[in-house]
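Chain residues, written in single-letter form:
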Amino acid sequence: KNQFVDMKGQTRLFVAKGKLDRMNARDLVDYICKESGVKQHKIQGVEIYDKFSFVNAPFQDAEQILSSFKKEGRRSIIERAK
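Small disclaimer: the values here were computed from a predicted structure and weren't measured.

Regarding the environment of serine 68
Step number 1: Of note, serine 68 is situated in helix 2 (residues 59-69).
Step number 2: For serine 68 and alanine 81, which are 13 residues apart along the polypeptide, the C-alpha to C-alpha distance reads 17 Å.
Step number 3: With sequence-adjacent residues up to four places away left out, serine 68 is seen in contact with Glu35 and Ser36.
Step number 4: From its side chain, serine 68 meets the backbone oxygen of glutamine 64 in a polar contact 2.6 Å long.

Structure below.
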């Protein structure tokens, strides 16, 4: 059973952008919301590191975020955290 998937719980997402990409928590959340249409208050637990970040979102919203960032044949910048 995948510990990151829980229908009523949160999904932890890995984002391949961080401080070196001039991202801060607000910019990252704005960016994810703009691309995916998920509401800002749904994205929580934002942690920004130099080259990557983590965010939490409810399961349904996380699925929507993941599918919005899936581009054909390219590796997504957002994936489920390992």
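Remarks on helix 1 (residues 25-36)
Step number 1: Spanning twelve residues, helix 1 covers 16 Å between terminal C-alpha atoms, matching the ideal 16 Å at 1.5 Å per step.
Step number 2: Buried residues of helix 1: Leu28, Val29, Ile32, Cys33 and Ser36, and no others. Down the axis of helix 1, the buried set is contained in an arc of 130°. They therefore lie on one face. Opposite the buried face of helix 1, at more than 90 degrees from it, the exposed residues are Arg26 and Lys34.
Step number 3: On its buried side, helix 1 packs onto strand 1 (10-15), strand 2 (44-48), strand 3 (53-58), helix 2 and strand 4 (78-80).
Step number 4: For helix 1, the capping residue at the N-terminal end is asparagine 24, with a side-chain oxygen 3.1 Å from the backbone nitrogen of arginine 26.
Step number 5: Glycine 37 sits one or two positions beyond helix 1 and adopts a positive phi of about 80°.

Here we look at the side chain of asparagine 56
Step number 1: Its place among the elements puts asparagine 56 in strand 3.
Step number 2: Polar side-chain contacts of asparagine 56 include one of 3.0 Å to the side chain of arginine 12.
Step number 3: What asparagine 56 contacts, discounting residues up to four positions off in sequence, is Gln10, Thr11, Arg12, Lys42, Ile43, Gln44 and Gly45.

What counts as what
Residues numbered from 1 in each chain as written. Predicted model: local features only at pLDDT ≥ 70, side-chain atom pairs only at ≥ 80, totals over all residues. Heavy atoms only, no water. Helix = DSSP H or I, 4+ residues; strand = E, 2+ residues; numbered from the N terminus. Contact = heavy atoms within 4.5 Å. Polar contact = N/O pair within 3.5 Å; in protein donor to acceptor, adjacent residues only side chain to side chain. Expected span 1.5 Å × (residues − 1). Buried < 20%, exposed > 50% of the residue type's maximum accessible area, 1.4 Å probe, protein only. Arc of directions from axis to C-beta.

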